[in-house]
Amino acid sequence: MGKTAKDKRDIFYRLAKEQGWRARSAFKLLQAEETFHLMEGVTRAVDLCAAPGSWSQVLAKHMYEPKTEEERKNVKIIAVDMQGMAPIDGVTQLRADITKESTAQTIIDFFGGQKAQLVVSDGAPDVTGQHEFDVYMQAQLLLSALSIATHILEEGGSFMGKVYRADNTSSVYLQLQRFFKDVCVFKPSACRNSSIEAFVVARQFTMPTDYVPCNLTTEWHTQTNEWIRDIRGVEPDPVVHLPFVAHNGIYDADMTYDLGDDYNQIDAVQQPLTAAYQDVLEKTKTMSIKYDAVTVRHDDE
Ligand SMILES: C[S@@+](CC[C@H](N)C(=O)[O-])C[C@H]1O[C@@H](n2cnc3c(N)ncnc32)[C@H](O)[C@@H]1O
């Protein structure tokens, strides 16, 4: 696809470049903010799976940039990703895997005894095209993000995370209802209608009595029914229906918009520093992917 063709077919990609955002994803958080005001009054936030950094830019824009020098000293924003990303004023970066408990500990250390008021996660594993597998992996990543949130969120705090809406997403919704009084599914207008991508927005975090934060991805497999019975006093209902909130913007992510005769194409604000596919490209220089398997490991990074 030519450079201007993408500008034409993806209005949010074009607007991101025009407005200085590193990725079109910025609009998803901006639209959530317009709808839920998650960042209002917030000074401590965690951006999980943050690279290349457009959500961190949005957090810094709301929480850091409008403040005085003195007030900025109280603002703590940490951006976590396995990939590196270019620096952003007011944002501390941590290059780490969010599925590891050591990452939760490093985030806790960063807040130095304080708790965060907001945890957001736009995390997405590399998509394989195998629908069930991709949905499962996305749910696991969301549970990892939620696990970190249970370690670090203060009472009343908020969480927003990317989810793929599918038949078995109910189990993730149930987990969220366990920790938050108010949970809904949010579809920003920057997401394509045809996409199963949406976001869970969970507010009013409340730590269940006697709950010890742990890795929910493993706990889920052993104790789910038990705790649902405990909390609800009834046998678990396999289907959970959450309120659905859609952002109604002026632009439609599925539409093609004319560029006009005097259109000036501009380059992306910030190229990814270390995208996973760069490792694959390096490896395929010396081998044939038709005959050899390519394994990219991030664990040792
Ligand atoms: C859609 S991008 C995030 C875009 C970002 N919110 C922005 O606005 O620029 C998804 C990110 O998830 C990260 N990711 C996937 N699995 C991860 C994991 N286990 N730990 C940390 N980051 C992960 C990827 O490296 C990738 O940068």
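In case you missed it, the structure is sitting above this.
Read on for a plain summary of the structure. Numbers given for residues are sequential positions, taken from 1 along each chain in its written order. Per-residue local features of the predicted model are confined to residues with pLDDT of at least 70, and side-chain atom pairs are confined, for both listing and counting, to 80 or more; whole-chain, interface and lining totals are unaffected and use all residues. Heavy atoms from the whole structure form the basis of all side-chain values; hydrogens and water molecules are not counted.

1. Describing the pairing of strand 1 (residues 44-48)
Rule in force here: Think of it in three bands: residues with accessible area under 20% of the maximum for their type are buried, residues over 50% are exposed, and the middle band is partly exposed, with areas taken using a 1.4 Å probe on protein chains only. In DSSP terms, a helix is any run of H or I states spanning at least four residues, a strand is any run of E spanning at least two, and both are numbered starting from the N terminus. Pairs of strands are assigned from DSSP output, requiring at least two bridges between the strands.
Where burial is concerned, most of strand 1 is hidden: five out of the five residues are buried. Here strand 1 shows two buried faces, one formed by R44, V46 and L48 and the other by A45 and D47. Here strand 1 pairs with strand 2 (residues 76-81) via five bridges, running parallel. The partner of A45 across the bridge, within strand 2, is I77.

2. Quick look at unusual backbone geometry
For the bond running from A51 to P52, omega is 5°, close enough to zero to count as cis. Of note, P52 is situated in the loop between strand 1 and helix 4 (54-63). With a phi close to 65°, Q204 is a non-glycine residue in the positive phi region. Mapped onto the elements of the fold, Q204 is located in strand 7 (residues 197-205). Unlike most non-glycine residues, D210 shows phi in positive territory, near 65°. Within the secondary structure, D210 is located in the loop between strand 7 and helix 9 (216-232). Overall, D210 belongs to the exposed group, its relative accessible area being 73%.

3. So, the site of the ligand
Quick note on the threshold: Neighbouring residues are identified by heavy atoms, a residue being near a molecule or strand if any of them is within 4 Å of it. For this analysis, a polar contact is any N or O atom pair within 3.5 Å, provided that within protein one partner can donate a hydrogen and the other can accept it, and provided that sequence-adjacent residues contribute only side-chain to side-chain pairs. Here the accessible surface of atoms and residues is derived via Shrake-Rupley with a 1.4 Å probe, and residues count as covered only by protein chains that are part of the display. Three residue categories are used. Nonpolar comprises Ala, Val, Leu, Ile, Met, Phe, Trp, Tyr, Cys and Pro, charged comprises Asp, Glu, Lys and Arg, and polar comprises the others, including Gly.
Taken together, 19 residues lie around the ligand, and G53, S54, D81, D97 and D122 are the ones closest in. Here P52 contributes a backbone N or O atom positioned 3.3 Å from an oxygen atom of the ligand. Contact between the ligand and S54: an oxygen atom at 2.4 Å from a side-chain N or O atom of the residue. When the ligand sits alone it has 600 Å² of accessible area, and the protein chains cover 86% of it. Residue classes in the shell around the ligand are distributed as ten nonpolar, six polar and three charged.

4. As for the environment of I88
The residue I88 is located in the loop between strand 2 and strand 3 (91-95) in this model. Separated by 32 residues in sequence, I88 and S56 have C-alpha atoms that sit 7.6 Å apart.

All we've got here are geometric facts, nothing functional implied.
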